[in-house]
Structures are given as C-alpha cells and as structure tokens.
Amino acid sequence: MAPKINSDLAALRNYVLADTGAQSQAESTVRLVITHSNLRASFMDIRLDMHMTVDALKRKLCFHCGTAPSAQTLQLKDEAGRLRACLDDDSRMLGYYSPRDGFTLHIIDSDPTSMSANGWLEDVSKVEKYEMSEEAYAARDNTYRKYKEGRLAADPTWTLQKEMASRKSAAAGQQPPADPVPPKPPADDDHQAAEAEAVVVGSRCEVEGGKRGVVRYVGRVEGLPLGYWIGVQYDEPVGKNDGSMKGRQYFECGAAYGGFVRPALVRTGDYPPFDEDFNFDSGDEL
C-alpha cells in the first residue's frame, strides 16, 4: 500500500512546480525537492542538470546542506514518497536514474561528526550566546541606558517618542511639535464659585453638548475634584447616575437621568424638552 502523502505538502509542491512561463527550463534540467536526514528544512525546486555526474551532484549538494560528498547517500523518491532509486554510482549521470520534476532527492548523512548532526545547523538554543553582566553594561559609556539618563537629566519629560518626533520634524525642516500642556486640576475648594452663583436650582438648562434638563443641585460634591458642581436631572436617560455620588444622594431622579457638570458648562434659560431624538455628546459629565 502506497504511503499517504500530506495534502498540504502536495498542494505546496504543485504550486511551486507550476509552470508560470516566467522562467524557461532547459530540456536537460530537472526540478527536485532536496531533503536531509539531519535537517527539518527542505530545499524546494532545486534545478539540476541531468548530464551532471552523481559525484558532481554530491559536491553541489554539499553547499546546500554542509554534508561532505563522501558521507552522502542519495535516494530518489517519487511524489508519493516511494523509493525509486539509490544513486550509488558516482560516475553515472543523474539522468540515468530517470528523475522527474517534483521528485525528492533525499540525502542520508553518515558522518557522526557532521555539522548538521543533532540540530546544530537549525537549533539556535545549542549555540552559546554572549551574555554581559550588569556591572559590565553599566561600565560602558555608549549605551542607550546612559543616553536615556542624560536626556532625562536635561528634560524630565523626555520620551523616546518625543525624540523621534523631533528628529522627524528636523529632517523635514519643520519646528518640533510643542509639548501639550495638560490641564491642571482645580486646587481650591471655590473653583467656579462665581459661575455657580448664577445658576438657580429649579431652572431649565442646557448642558454643553446639547443635553437639556432641570437644575436640581448646586454645590460641592464629595468624591469629585474640588470646587462647585451642578446636579442636572435630564429630560432623557443620557446621564451617568441617579443623582447620587459615592453613596450620597444629592437629588432624586431615575437611573441614567442624573449627572454632575461644572457650572461653566451649564446655561440656564428657556430650554424646552426636545420633541425628537437627539444625538447627545457626553462631554465632561460625571
């Protein structure tokens, strides 16, 4: 019974061996797959001249797999993996063994000291790697660590991303982008007290972003940043809470109908409820 060939490998082989017309092939040339007894990798679509002797073939294969010609035993197999011939006569030409495109030429390495034995050509874990001690690395001057320490000493906000953006701008002849200034949180308990004075509980209002409702609370809110807040009962369920914050109830409303916003974001006046659906923006609501 013929061994079953892996369908994926067969599909890959058919794809590789497909005649695309991109390269012309001489009549005396054959395309073979080269495999090796010590290597997991295979060499696909190697073009070989059928007029070359087996000895010349072995010397050519030595450059692909590292096995000395004298240590090579060559087996020719068909697409199904069946053994068709052993190339045991170095003086005969490759064509004598009737290879066809897609056949496999398998190399058996009989040298126990071969450089390909035991995975030495493929397993990188067997290669001894150079490791530098922490003390030796710290003693070096031209390292990224020393460069980073120097940049941070000159600019505590330095980052590699800022450095790359600055270099990119310099290469393009542009000014480097200015550092964004993060907004400072309010540092006093009377933040926006003046704006809060103008807001009256019970007033109709509109919050920045287009949401409308009724002012239900004016004052400080425990658990939120310092300063004054406006508690709003919205006309629609577009809020973040039910009028409570951190377990304390500041006003009564349904779930998702309440929210706390800064006084500067609230305008009071004649703001009737919307008759139609509106795409609200959540803004800076808490």
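Throughout this document, residue positions are counted from 1 along each chain, in the order its sequence is written. In keeping with the predicted nature of the model, local features appear solely for residues at pLDDT of at least 70, side-chain atom pairs appear and are counted solely at 80 or more, and the whole-chain, interface and lining totals rest on all residues. Side-chain numbers come from the whole structure's heavy atoms, not from hydrogens or water.

## Focus: the nonpolar core
Now for step 1: By convention a nonpolar core is built from buried Ala, Val, Leu, Ile, Met, Phe, Trp, Tyr and Cys residues, the set being connected through side-chain atoms within 4.5 Å. Three labels apply to residues, based on accessible area from a 1.4 Å probe with only protein chains included: buried if under 20% of the type maximum, exposed if over 50%, partly exposed otherwise in between. Ranked by internal contacts, the top residues of the largest apolar core, which has 20 residues, are Leu-48, Leu-57, Leu-74, Leu-87 and Leu-105.
Now for step 2: Numbering of helices and strands runs from the N terminus; a helix is a DSSP stretch of H or I covering at least four residues, while a strand is a stretch of E covering at least two. Broken down by secondary-structure element, the contributors of at least two residues to this core are strand E1 (29–36), strand E2 (39–49), helix H2 (54–65), strand E3 (72–77) and strand E5 (104–109).
Now for step 3: Take this core: its biggest share by element is four residues, from H2.
Now for step 4: Contacts are assigned to residue pairs with any non-hydrogen atoms lying within 4.5 Å of each other. Residues contacting Leu-48, with those up to four places away along its chain left out, are Ser-28, Thr-29, Val-30, Leu-32, Leu-57, Lys-60, Leu-94 and Leu-105.

## Examining the packing of aromatic side chains
Now for step 1: Think of it this way: a Phe, Tyr or Trp ring, Trp meaning its six-membered ring, pairs with another when their centres are within 6.5 Å, and the plane angle makes it stacked under 30 degrees, edge-to-face over 60, tilted otherwise. What the rule picks out here adds up to five aromatic pairs.
Now for step 2: Ring centres of Tyr-96 and Tyr-97 lie 5.1 Å apart, and the angle between their planes is 90 degrees; on these two criteria the pair is classed as edge-to-face.
Now for step 3: Residue Tyr-97 is classed as buried on the basis of its relative accessible area, which comes to 11%.
Now for step 4: In textbook terms, an aromatic cluster arises when at least three aromatic residues are bridged by ring pairs, as seen for Tyr-217, Tyr-250, Phe-251 and Phe-260.
Now for step 5: Whether a charge sits over a ring comes down to the Lys NZ or Arg CZ being within 6 Å of the ring centre and within 35 degrees of the ring normal. Directly above the ring of Tyr-96 sits Arg-92, whose terminal nitrogen or CZ lies 3.9 Å from the centroid.

## Quick word on unusual backbone geometry
Now for step 1: Despite not being glycine, Ser-98 shows a phi value in the positive range, around 55 degrees.
Now for step 2: Of note, Ser-98 is situated in the loop between strand E4 (83–86) and E5.
Now for step 3: The backbone of Lys-246 sits at a positive phi, close to 55 degrees, despite the residue not being glycine.
Now for step 4: Within the fold, Lys-246 resides in the loop between strand E9 (244–245) and strand E10 (248–249).

## A closer look at the pairing of strand E8 (residues 229–234)
Now for step 1: Across the six residues that make up E8, a large majority, five, are buried.
Now for step 2: By definition, two strands form a pair when at least two bridges between them are found by DSSP. Sheet topology places strand E7 (residues 211–219) next to E8; six bridges connect them, and they run antiparallel. From the neighbouring strand, Val-214 faces E8, where its bridge partner is Gln-233.
Now for step 3: With four bridges connecting them, E8 and strand E11 (residues 258–261) associate as antiparallel partners. Bridge assignment links Ile-230 to a residue of E11, and that residue is Val-261.

## Considering the pattern of salt bridges
Now for step 1: Each salt bridge in this description consists of a side-chain nitrogen of Lys or Arg and a carboxyl oxygen of Asp or Glu lying within 4 Å of one another. All chains considered together, the criterion is met by 17 salt bridges.
Now for step 2: Among the ionic pairs, Lys-58 bridges to Asp-90, the shortest N-O distance being 3.1 Å. Of the two residues, Lys-58 is situated in helix H2 and Asp-90 in the loop between E4 and E5; the sequence distance between them amounts to 32 residues.
Now for step 3: A relative accessible area of 8% means that Lys-58 is categorised as buried.
Now for step 4: Two residues, Arg-145 and Glu-134, come together in a salt bridge whose shortest N-O distance is 2.6 Å. With Arg-145 in helix H4 (residues 144–154) and Glu-134 in helix H3 (residues 134–139), this residue pair connects regions lying eleven residues apart in the sequence.
Now for step 5: In this structure Glu-134 comes out as partly exposed when scored by relative accessible area, which is 47%.
Now for step 6: Bridged by salt links that share partners, the residues Arg-31, Asp-45 and Asp-101 form one connected network.

## With respect to the sheet that holds E5
Now for step 1: Pairing within the open sheet is mixed, and its five strands lie in the order E2-E1-E5-E3-E4. Only two strands of the sheet have a single partner each, and these edge strands are E2 and E4. Each strand of the sheet is rotated relative to its neighbour by a mean of 30 degrees, with strand direction disregarded.
Now for step 2: Along the sheet, H2 contacts E1, E2, E3 and E5; its crossing angle with E3, the most-contacted strand, is approximately 100 degrees. All axes are obtained by fitting lines to C-alpha atoms, using only the stretch in contact for helices, and the reported angles, taken between N-to-C directions, cover 0 to 180 degrees.

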